[in-house]
Number of protein chains: 2
Amino acid sequence: MKDPRRDNKVDIATRVMSRNDSFAARNHELLRSNDILTLNIISSPGAGKTSLLEAMAGFFGPGLAVIEGDVRTRRDAERVEKAGCKAYQIETGGSCHLDAEAVGKALEHFDLTDGELSILAIENVGNLICPSGYDLGEDMKVGLLSTPEGDDKVLKYPSLFSRIAVLVINKTDLLPMLDFDVDRAVRECRSLNPNVVVFLMSARTGEGVEEFCRFLKGQAELEE
Amino acid sequence: MKDPRRDNKVDIATRVMSRNDSFAARNHELLRSNDILTLNIISSPGAGKTSLLEAMAGFFGPGLAVIEGDVRTRRDAERVEKAGCKAYQIETGGSCHLDAEAVGKALEHFDLTDGELSILAIENVGNLICPSGYDLGEDMKVGLLSTPEGDDKVLKYPSLFSRIAVLVINKTDLLPMLDFDVDRAVRECRSLNPNVVVFLMSARTGEGVEEFCRFLKGQAELEE
């Protein structure tokens, strides 16, 4: 016999996703029509998303805008603004991921049409699971994996690592202290996702940051 | 005007939680009646939950049983079994947290009545947000925060850090390489949660592990 409660749940989940997808399509069109390359940056808490954005602000200056997602606090937006680019904070108030509607509202706080902006980076809530299923209207998902998390995380969180266009392995400065096998992480990511582009980085020391930023600049120019 | 879709969502969320709570109560009664102290261990991916359990297996031996929660792979259960205690793996298949029903089914794989078992540790899915809202029937939630994640994480994830009985700050061996302020993390955790018990630990080097295990042993004896 059918379980009406279960059917009801699935039905609502489908409606939530299709509602999200229509907001995502709207965001995507708005951003593309203004030649803005949009990144959805996803990682565990503390893998270094905000440090990466601070480093990117140093490279791109006012050509970069940032939307910060956090359950609570405005700390990340304040850090990124100090580093020299415009930032807007979404406090999700308990929700474990950003959704496209909230991003659409955040976009109203930026001037997208003045031609200065070439990259929008959306820092998602620190979580390897839930954010991966919500399209925000981005051109690419960027997954950060920090070396202290361990080289076994890719196959444990396949919904994210199979969907990213770019894998950044961050905190390479800690490698001498850890048993992290870079080759294993890259190999396992490619087994899910053969075309993933990989960068090794220490956002803290700056290693690999310029290479990553040059890659983004090239992608942004291709979109113009 | 009322939004019937929203009401429907809230209604279903309430039913899901009350269903979970009744399974949690059943687990709790079963475990307490067998004098087993039960921990629900929650952290970000890669904060060191499994390394901690390996170290605990060394201390407690067959007095410890472990339930492992992961989105995918049996890697963690295999690691913990090798360290000398019985382990059962729940693969959540995409879900971002364990629930009490799944834990109840996992309990059927252990002999709870032979008097050997004094502690059950449930390793939740690596996620600082979603697991904190689901009671599994545990006696206490243990939150792990690893130093490379940063000392700002407590106030960013208040739903977890306000609910834990024990905070373990792990990977203290990396402190000389990082800007992690232990006092700040402890102070911010106590601001949410004045009675939290704090341990500093490096599960990798063993620092602080025995102190933590002795504390658990004391708590388990109190329950007998």
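The structure we're discussing is the one just above.
Counting restarts for each chain, with residues numbered from 1 along the sequence as it is written. Working convention: letters from A go to chains and numbers from 1 go to ligands, in the order in which they are written. Only residues with pLDDT of at least 70 get local features here, since the model is predicted, and only at 80 or more are side-chain atom pairs given and counted; chain-wide, interface and lining totals rely on the full set of residues. Hydrogens and water molecules were not included; the side-chain quantities draw on all heavy atoms of the structure.

Caption draft 1: Molecular detail of the sheet that holds strand E6 (residues 166–170) of chain B. Residues and elements named next belong to chain B. Pairing between strands requires that DSSP locate at least two bridges from one strand to the other. Here a helix means four or more residues in a row that DSSP labels H or I, a strand means two or more in a row labelled E, and each is numbered from the N terminus. The strand order across the open sheet built from seven strands is E3-E2-E4-E1-E5-E6-E7, with neighbouring strands paired in parallel fashion. Strands at the two margins of the open sheet, each flanked by one partner only, are strand E3 (86–91) and strand E7 (197–200). Strand-to-strand twist of the sheet, defined as the mean angle between neighbouring strand axes without regard to direction, takes the value 20°. Note that strand E1 (residues 37–42) and strand E5 (residues 140–146) share four bridges and pair parallel. Every angle, taken between N-to-C directions, lies between 0 and 180 degrees, and every axis is a line fitted to C-alpha atoms, over only the stretch in contact when it is a helix.

Caption draft 2: Inspection of the packing of helix H2 (residues 49–60) of chain B against helix H3 (residues 75–82) of chain B at higher detail. Residues and elements named next belong to chain B. Running from N to C, H2 and H3 point in directions that differ by 20°, and their axes come no closer than 8 Å. One finds that H2 runs roughly parallel with respect to H3. At the point where H2 passes H3, the crossing takes the right-handed sense. On the side of H2, the interface is formed by Thr50, Ser51, Leu53 and Glu54, while H3 contributes Asp76, Arg79 and Val80. Only Asp, Glu, Lys and Arg are considered charged in this grouping, and only Ala, Val, Leu, Ile, Met, Phe, Trp, Tyr, Cys and Pro are considered nonpolar; every other residue, Gly among them, is considered polar. Here the residues of the contact of H2 with H3 sort into two nonpolar, two polar and three charged. Here roughly perpendicular refers to angles of 65 to 115 degrees, roughly parallel to angles under 35, roughly antiparallel to angles over 145, and oblique to all remaining angles. Crossings are assigned a handedness: left-handed for a near helix turned anticlockwise from the far helix by less than a right angle, right-handed for a clockwise turn. Should any heavy atoms of two residues lie within 4.5 Å, those residues are counted as being in contact.

Caption draft 3: Looking closely at the packing of aromatic side chains. By convention, a stacked pair of Phe, Tyr or Trp rings (six-membered ring in the case of Trp) has centres within 6.5 Å and planes under 30 degrees apart, an edge-to-face pair has planes over 60 apart, and any other such pair is tilted. In the structure shown here, the tally under the stated rule is six aromatic pairs over all chains. The interplanar angle of 75° and the centroid separation of 5.4 Å between the aromatic rings of Phe199 of chain A and Phe212 of chain A together place this pair among those described as edge-to-face. With Phe199 of chain A in strand E7 (residues 197–200) and Phe212 of chain A in helix H8 (residues 209–223), the pair connects residues that are 13 residues apart, well separated along the chain. In this scheme, a residue with accessible area under 20% of its type's maximum is buried, one over 50% is exposed, and one in between is partly exposed, where area comes from a 1.4 Å probe on protein chains only. With relative accessibility at 6%, the residue Phe199 of chain A sits in the buried group. Measuring from centroid to centroid gives 5.2 Å for Phe199 of chain B and Phe215 of chain B, while their planes differ by 50°, and the two rings are tilted.

Caption draft 4: Local environment of the relation of the copies chain A and chain B. In superposing the copies, a least-squares fit is computed on C-alpha atoms, taking residues whose pLDDT is at least 70 in both. With an axial shift of 0.0 Å and an RMSD of 0.0 Å, the rotation relating chain A to chain B amounts to 180°. Those values place the two copies in the arrangement expected of a two-fold rotation axis. When the interface residues of chain A are mapped onto chain B, 100% of them again lie at the interface, so the same face is used by both copies.

Caption draft 5: Examining the environment of Ala77 of chain B more closely. Residue and element names in this part refer to chain B. Tracing the sequence through the fold places Ala77 in helix H3. Accessibility expressed as a relative area gives 0% for Ala77, which makes it buried. Separated by 15 residues in the primary sequence, Ala77 and Pro62 have C-alpha atoms spaced 15 Å apart. Beyond its immediate stretch of four places on either side in the chain, Ala77 contacts Glu68, Ala87 and Gln89.

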